[in-house]
Amino acid sequence: MSTTEEKFSLREVLVSFKSCLVDDDQDVLVEHYLDGWKGLVRFMNSLGTIFSFVSKDAVNKIQIMENYLKGEHGERYRTLQSMVEYELSSNLVDLTKRGSHPESGCRTILRLHRALRWLQLFLEKLRTSTEDSKTSTLCTEAYNASLANHHPWIIRKTATVAFLALPVRNTFFEVMNVGTTEDVVDMLGEAMPYVSNVYDLTQELYSQHNLLDLP
Ligand code: 1Q0
């Protein structure tokens, strides 16, 4: 248990969403938001290669954002609010149909933001589940209530089939590396509000600027 690799637990990942919040908790720091996602991707990868089509897409989107952060206008991408202001005022966002800005920061974050809603729903279902609950059912319900509404049929189908291969609830709890089932339930109860705060702020920002349906 000496290396950081072994000690890595889902608690740290979820709590990292707490450090996203800046400016009196009114804005989201992009760098830390991406750190949260990188942690989540690690957990997803530890569930097996069946989800590599999902993690590839997530990694690709994280990379797009990191390139902006490292780029010439990196400072404008420091927070979600500054990104939205910069991209909108410089006409860098395809607002109604895909055009010359297919990888804007705004649409890229929107994809991750929608996935965060799935995570919120899924982890809440896991937290309140019983020993005989089926993770694939919980995951499918969370997906249908969130991401599925934004995915075409073929992705919905592929995702739903992949969910059938999810490990059982106990394996999930073990992979989280938090402790007993009781510890997991407590940890989720404590840490999920941080994720919810980030989700709500982003939702509010995107809704104010009419960005919730970016192509
Ligand atoms: C635990 C099982 C993971 C299941 C993940 C559920 C999400 C399924 C989504 C299927 C996505 C299919 C890949 C491609 C999608 C893109 O078309 C779509 C839209 O982008 P674009 O550019 O085509 O417009 N992309 C997305 O919707 C973004 C999807 C990102 C999903 C990232 C999910 C990563 C979550 C990881 C958390 C797992 C940890 C759970 C806790 C585990 C604890 C042991």
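Remember, predicted model here, so these are calculated numbers, not experimental data. For every chain, the first residue of the written sequence is number 1, and numbering continues from 1 along that sequence. Two thresholds apply to this predicted model, a pLDDT of at least 70 for residue-level local features and 80 or more for giving and counting side-chain atom pairs, whereas whole-chain, interface and lining totals are computed over all residues. Side-chain measures were taken over the full set of non-hydrogen atoms in the model, leaving aside hydrogen atoms and water.

(A) Looking closely at the pattern of salt bridges. Note on definitions: salt bridges are taken to be side-chain nitrogens of Lys or Arg within 4 Å of carboxyl oxygens of Asp or Glu. Enumeration over the complete set of coordinates arrives at six salt bridges. Residues K38 and E66 are paired through a salt bridge, measuring 2.7 Å at the closest nitrogen-oxygen approach. With K38 in helix α3 (residues 30-45) and E66 in helix α4 (residues 52-70), the pair connects residues that are 28 residues apart, well separated along the chain. Between E124 and R127 there is a salt bridge, with its nearest N and O atoms 2.9 Å apart. By definition, any uninterrupted DSSP run of H or I lasting at least four residues is a helix, any uninterrupted run of E lasting at least two residues is a strand, and each is numbered from the N terminus.

(B) The arrangement of the site of the ligand in detail. Inspection of the region around the ligand gives 23 residues, with D57, K61, R107, R111 and H151 positioned closest. Within the contact set of the ligand, a nitrogen atom lies 2.7 Å away from a side-chain nitrogen or oxygen of D57. The accessible surface values rely on the Shrake-Rupley method and a 1.4 Å probe; as for residues, cover is taken only from the protein chains in view. Alone, the ligand offers 970 Å² of accessible surface; in the complex the protein occludes 90% of this. Looking at the shell around the ligand, the elements that each hand over two or more residues are α3, α4, α6 (105-127), α8 (153-163) and α9 (169-176). All amino acids are sorted into three groups, where Ala, Val, Leu, Ile, Met, Phe, Trp, Tyr, Cys and Pro are nonpolar, Asp, Glu, Lys and Arg are charged, and the leftover types, Gly among them, are polar. Here the residues of the shell around the ligand are counted per class, giving 18 nonpolar, one polar and four charged. Here a residue is considered near a molecule or strand provided that any single heavy atom belonging to it is located within 4 Å of it. In protein, a polar contact requires one atom able to donate a hydrogen and another able to accept it; more generally it is a pair of N or O atoms within 3.5 Å, and residues adjacent in sequence count only if both atoms are side-chain atoms.

(C) Inspection of the packing of aromatic side chains at higher detail. Stacked, edge-to-face and tilted labels apply to pairs of Phe, Tyr and Trp rings (six-membered ring for Trp) whose centres lie within 6.5 Å, assigned for plane angles under 30 degrees, over 60, and everything in between, in that order. One pass over the structure, following the stated rule, counts six aromatic pairs. The interplanar angle of 90 degrees and the centroid separation of 6.2 Å between the aromatic rings of F17 and Y33 together place this pair among those described as edge-to-face. Placement of the pair is F17 in the loop between α2 (10-16) and β1 (21-22) and Y33 in helix α3, with a sequence separation of 16 residues. The residues F17 and Y33 share a single accessibility class, namely buried. Each ring, one from F122 and one from F172, has its centre 5.6 Å from the other, and the planes form 75 degrees; the classification is edge-to-face. Of this pair, F122 sits in helix α6 while F172 sits in helix α9, placing them 50 residues apart in sequence. Accessibility here uses a 1.4 Å probe with only protein chains present; expressed as a share of the type maximum, an area under 20% marks a residue as buried, one over 50% as exposed, and anything in between as partly exposed.

(D) Geometry of a nonpolar patch on the surface. On the surface, W153, I154 and I155 cluster together to form a nonpolar patch covering roughly 330 Å² of accessible area. Residue W153 is classed as exposed on the basis of its relative accessible area of 56%. Patches here: salt-bridge-free residues with over 30% relative accessible area, like charges joined within 9 Å, nonpolar side chains (Val, Leu, Ile, Met, Phe, Trp, Tyr) joined within 5 Å.

(E) View of the packing of α6 against helix α10 (residues 181-208). All axes here are fitted lines through C-alpha atoms, helices being fitted over the stretch that makes contact, and every angle between N-to-C directions spans 0 to 180 degrees. Contact geometry for α6 and α10: axes closest at 10 Å, N-to-C directions at 150 degrees. If you check the angle between α6 and α10, you find them roughly antiparallel. For the pair α6 and α10, the sense of crossing is left-handed. Touching G105, C106, I109, L110, H113, L116, R117, L119, Q120, L123 and R127 of α6 are V185, L188, G189, M192, V195, S196, V198, Y199, T202, Q203 and Y206, all from α10. Every angle not falling under 35 degrees, over 145, or within 65 to 115 is termed oblique; those three ranges are roughly parallel, roughly antiparallel and roughly perpendicular. Whether a crossing is left-handed or right-handed is set by the direction in which the near helix is turned from the far one by less than a right angle, anticlockwise for left-handed and clockwise for right-handed. Residues count as neighbours in contact if any of their non-hydrogen atoms are within 4.5 Å of one another.

(F) Molecular detail of the packing of α6 against α9. Axis separation between α6 and α9 bottoms out at 12 Å; the angle between their running directions is 110 degrees. Between α6 and α9, the angle falls in the class roughly perpendicular. In this structure, the crossing between α6 and α9 has a hand that is left-handed. Each of F122, L123 and L126 in α6 lies in contact with α9, whose residues at this interface are R169, F172, F173 and M176. A breakdown of the residues in the contact of α6 with α9 according to their chemical character gives six nonpolar, no polar and one charged.

(G) View of the nonpolar core. If you look at the biggest cluster of nonpolar residues, it comprises 65 residues, and the most contacted ones within it are L14, Y33, M83 and L116. Among the elements that make up this core, the one with the highest residue count is α6 (twelve residues). Excluding its chain neighbours within four sequence positions, the residues that come into contact with L116 are F17, Y33, W37, V195, V198 and Y199. What makes a nonpolar core is a set of buried Ala, Val, Leu, Ile, Met, Phe, Trp, Tyr and Cys residues whose side-chain atoms join them at distances within 4.5 Å.

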